[in-house]
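Take a look at the letters that make up each chain.
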There are 2 protein chains.
Amino acid sequence: MTYVRMKRARCAKAGIESRLVSLPATTTTAELVETLQSLSQDAGVHGILLQHPVGPHIDERAAFEAIAPEKDVDGVTMSSFGAMSFGLPGFASCTPGGIMRLLDEYEVDLAGQHAVVVGRSAILGKPVGMLLLARDATVTYCHSRTTDLAAIVQEADVVVAAVGRPRLVRGEDVKPGAVVIDAGYNPGNVGDVDFDTARTRARLITPVPGGVGPMTIAVLLAQTVDAASIQLGLAGR
Amino acid sequence: MTYVRMKRARCAKAGIESRLVSLPATTTTAELVETLQSLSQDAGVHGILLQHPVGPHIDERAAFEAIAPEKDVDGVTMSSFGAMSFGLPGFASCTPGGIMRLLDEYEVDLAGQHAVVVGRSAILGKPVGMLLLARDATVTYCHSRTTDLAAIVQEADVVVAAVGRPRLVRGEDVKPGAVVIDAGYNPGNVGDVDFDTARTRARLITPVPGGVGPMTIAVLLAQTVDAASIQLGLAGR
């Protein structure tokens, strides 16, 4: 509810009308899919965000796929993932899209750099790896089954931590001069990186909160404007 | 034409009827898309393979996307890529699917192993990496812009070479006991791995030819039978 409130407030500030569709906890997958399909067909709606994770009794993938690709401003459909993976026009998942904007803003040259992504979720780890790969980074995906995370992080020019485990990436493992992106958020305003030790070695590092988080919402709004422009015939992709 | 002949011969042997649709070199993207859409709607066709690469004037992605997902037995659509990436039911790209069957047949335990994929094509490198990741390997994607390929290969428990550069992976860089899959094919029956030196260090290694290649066709046929079974209502996924 906090996230949703923040997104609605940012929409209002940017002049984007938002509509909150609240469904009861007892909603079934079929009902949720129907709601999303109906919003997909509603000409008055240009972008759709399904606030997730959804309840465990819901088939989240089925729900995501009910969002029309042209309104998928949160970049959660398989079609959007394919576009990110194959370098085609489309909407990025918002957090990965925000991370790429941060890297661009600070002119981080990715070609040939070793980028290590810790986490492999469908919305964050997997797509950010694909976006880094499309920019010619050498990309390693690590996750809970990775046996020697420290050794792999030690080789990374760019680290993206996106797993949701507090301070999993230790500062002592950060290569001096590396770029560290912390996309984790854990209770108590703690990221996936041990910030205090990592900052002494990293060339660039994002704080938690105030780093990746605000970029996620910014990309959501930017993509919503893009979606509306295209649907209203005001711009091409 | 050689590949197409081989596939048709293997179909005939397996009792699968195949239809060859030859188009002139002057065919446009729109004409190819129309042909594929028409085959997608043809109830007498259960699987569609677009022999690729297509000519440089063709938008290959647009052509692939004209194949109905339920007939995409070659696993080339974005929808199939999404299914491979997210561990959902669907058709694998045939060469990656064949590689996974080989690894399973030889009981290679992938969980926690470091798999290095050399190559990042939409049909081979990217999907095989996603399939390995789904099996809990730590996955690194290397490619033409990777700066220190040798050092990364030296860390690999599993190497998949899929780039189309003769003997790019040197035997001396193969970690003793590693599993080496050579999905490359270069003129003169040469793979992407220096087989003669790599075989002295690898625990398991595929030859070229006769390794991954036959598996690709086998998976194509198996997936065609699956597609037909589903479309004819003989089996669920």
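1. With respect to the pattern of salt bridges
A complete count under the given rule lists 16 salt bridges over all chains for this structure. R170 of chain A is the salt-bridge partner of D173 of chain A, the closest N and O atoms lying 2.9 Å from each other. Residue class for R170 of chain A comes out partly exposed when judged on its relative accessible area of 37%. Residue R170 of chain B is joined to E172 of chain B by a salt bridge in which the shortest nitrogen-to-oxygen separation is 3.8 Å. Residue E172 of chain B is classed as exposed on the basis of its relative accessible area of 54%. Residues participating in the shared-partner salt-bridge network are R120 and R145 of chain A together with D136 of chain B.

2. Things to note about the domain arrangement of chain A
Residue and element names in this part refer to chain A. In terms of domains, chain A is made up of domain 1 (2–83 + 215–231) and domain 2 (94–212). Inter-centroid distance (C-alpha atoms) of domain 1 to domain 2 is 26 Å. On the side of domain 2, 14 residues touch domain 1, which itself brings 14 residues to the contact. Broken down residue by residue, the surface that domain 1 buries against domain 2 is led by F81, M215 and T216, which jointly contribute 52%. Remark: the boundary between domain 1 and domain 2 carries 0 salt bridges. Here domain 1 is connected to domain 2 by 3 residue pairs in polar contact (both at pLDDT 80 or more). No other element matches helix 9 (residues 212–231), which puts 6 residues into the side of domain 1 that touches domain 2. Broken down by class, the residue content of the side of domain 1 that touches domain 2 amounts to 9 nonpolar, 3 polar and 2 charged.

3. Some points on the state of the cysteines
Applying the stated criterion to the full structure yields 0 disulfides over all chains. Note on C11 of chain A: no disulfide assigned, nearest cysteine sulfur contributed by C94 of chain A at a separation of 11 Å. With no disulfide of its own, C142 of chain B lies closest to C142 of chain A among cysteine sulfurs, the gap being 13 Å. Looking at C142 of chain B, the relative accessible area reads 0%, which means it is buried.

4. So, the relation of the copies chain A and chain B
Expressed as a screw transformation, the operator carrying chain A onto chain B has a rotation angle of 180 degrees and an axial translation of 0.0 Å, and the superposed copies differ by an RMSD of 0.0 Å. Both copies of the chain, as the preceding transformation shows, are related through a two-fold rotation axis. Closest approach to the rotation axis among the C-alpha atoms of chain A is made by T140 of chain A, whose C-alpha sits 2.0 Å away. In this assembly the copies share their binding face: 100% of the residues contributing to the interface of chain A also contribute to that of chain B.

5. With respect to the packing of helix 4 (residues 78–86) of chain A against helix 6 (residues 125–134) of chain A
Residues and elements named next belong to chain A. Interhelical geometry of helix 4 versus helix 6 gives an angle of 30 degrees and a closest axis separation of 7 Å. One finds that helix 4 runs roughly parallel with respect to helix 6. Contacts between helix 4 and helix 6 involve F81, M84 and S85 from the former and K126, P127, M130 and L131 from the latter. Residues that form the contact of helix 4 with helix 6 fall into these classes: 5 nonpolar, 1 polar and 1 charged.

6. Thoughts on the nonpolar core
One recurring pattern in soluble globular proteins is that nonpolar side chains are buried together. Among the nonpolar cores identified, the biggest contains 59 residues, and I99, L103 and L132 of chain A together with I99, L103 and L132 of chain B are the most heavily contacted of them. If near-sequence neighbours (up to four positions away) are discounted, I99 of chain B is found in contact with L124, V128, V160, I181, A183 and V212 of chain B.

7. Some points on the sheet that holds strand 5 (residues 204–205) of chain B
Within a sheet, adjacent strands bond to each other through the backbone by hydrogen bonds, running parallel or antiparallel. On the basis of which strands lie adjacent, the open sheet formed by 10 strands has the order 5(A)-4(A)-3(A)-1(A)-2(A)-2(B)-1(B)-3(B)-4(B)-5(B) and mixed pairing. In this open sheet, the two edge strands, each paired with only one partner strand, are strand 5 (204–205) of chain A together with strand 5 of chain B. Examined bridge by bridge, strand 3 (residues 158–161) of chain B and strand 4 (residues 179–182) of chain B share 4 bridges and lie parallel to one another. The residue bridging V158 of chain B from the neighbouring strand is V179 of chain B, located in strand 4 of chain B.

8. Side note on the side chain of D157 of chain B
Residue and element names in this part refer to chain B. Note on placement: D157 falls in the loop between helix 7 (149–154) and strand 3. Side-chain polar atoms of D157 contact the backbone nitrogen of H114, separated by 2.8 Å. In terms of polar contacts, D157 uses its side chain to reach the side chain of K175, at 2.8 Å. Filtering out sequence-adjacent residues up to four positions away, D157 remains in contact with Q113, H114, K175, A178 and V179.

9. A look at a nonpolar patch on the surface
All names here are of chain A. Among the surface-exposed residues, Y3, M6 and Y185 lie close enough to one another that they form a single nonpolar patch of about 330 Å² accessible area. Relative to the helices and strands, M6 is located in helix 1 (residues 2–14). Overall, M6 belongs to the partly exposed group, its relative accessible area being 41%.

Calculation rules
- Residues numbered from 1 in each chain as written.
- Chains lettered and ligands numbered in written order.
- Predicted model: local features only at pLDDT ≥ 70, side-chain atom pairs only at ≥ 80, totals over all residues.
- Heavy atoms only, no water.
- Salt bridge = Lys/Arg side-chain N within 4 Å of Asp/Glu carboxyl O.
- Buried < 20%, exposed > 50% of the residue type's maximum accessible area, 1.4 Å probe, protein only.
- Domains from an automatic or database assignment.
- Contact = heavy atoms within 4.5 Å.
- Buried area = accessible area lost by both parts, 1.4 Å probe.
- Polar contact = N/O pair within 3.5 Å; in protein donor to acceptor, adjacent residues only side chain to side chain.
- Helix = DSSP H or I, 4+ residues; strand = E, 2+ residues; numbered from the N terminus.
- Nonpolar A, V, L, I, M, F, W, Y, C, P; charged D, E, K, R; others polar.
- Disulfide = S-S within 2.5 Å.
- Least-squares fit on C-alpha atoms with pLDDT ≥ 70 in both.
- Axes fitted to C-alpha atoms, helices over the stretch in contact; angles between N-to-C directions.
- Parallel < 35°, antiparallel > 145°, perpendicular 65-115°, else oblique.
- Core = buried A, V, L, I, M, F, W, Y, C linked by side-chain atoms within 4.5 Å.
- Pairing = 2+ DSSP bridges.
- Patch = residues over 30% accessible without salt bridge, like charges linked within 9 Å, V, L, I, M, F, W, Y side chains within 5 Å.
- Areas by Shrake-Rupley, 256 points an atom, 1.4 Å probe, with all protein chains shown as cover.

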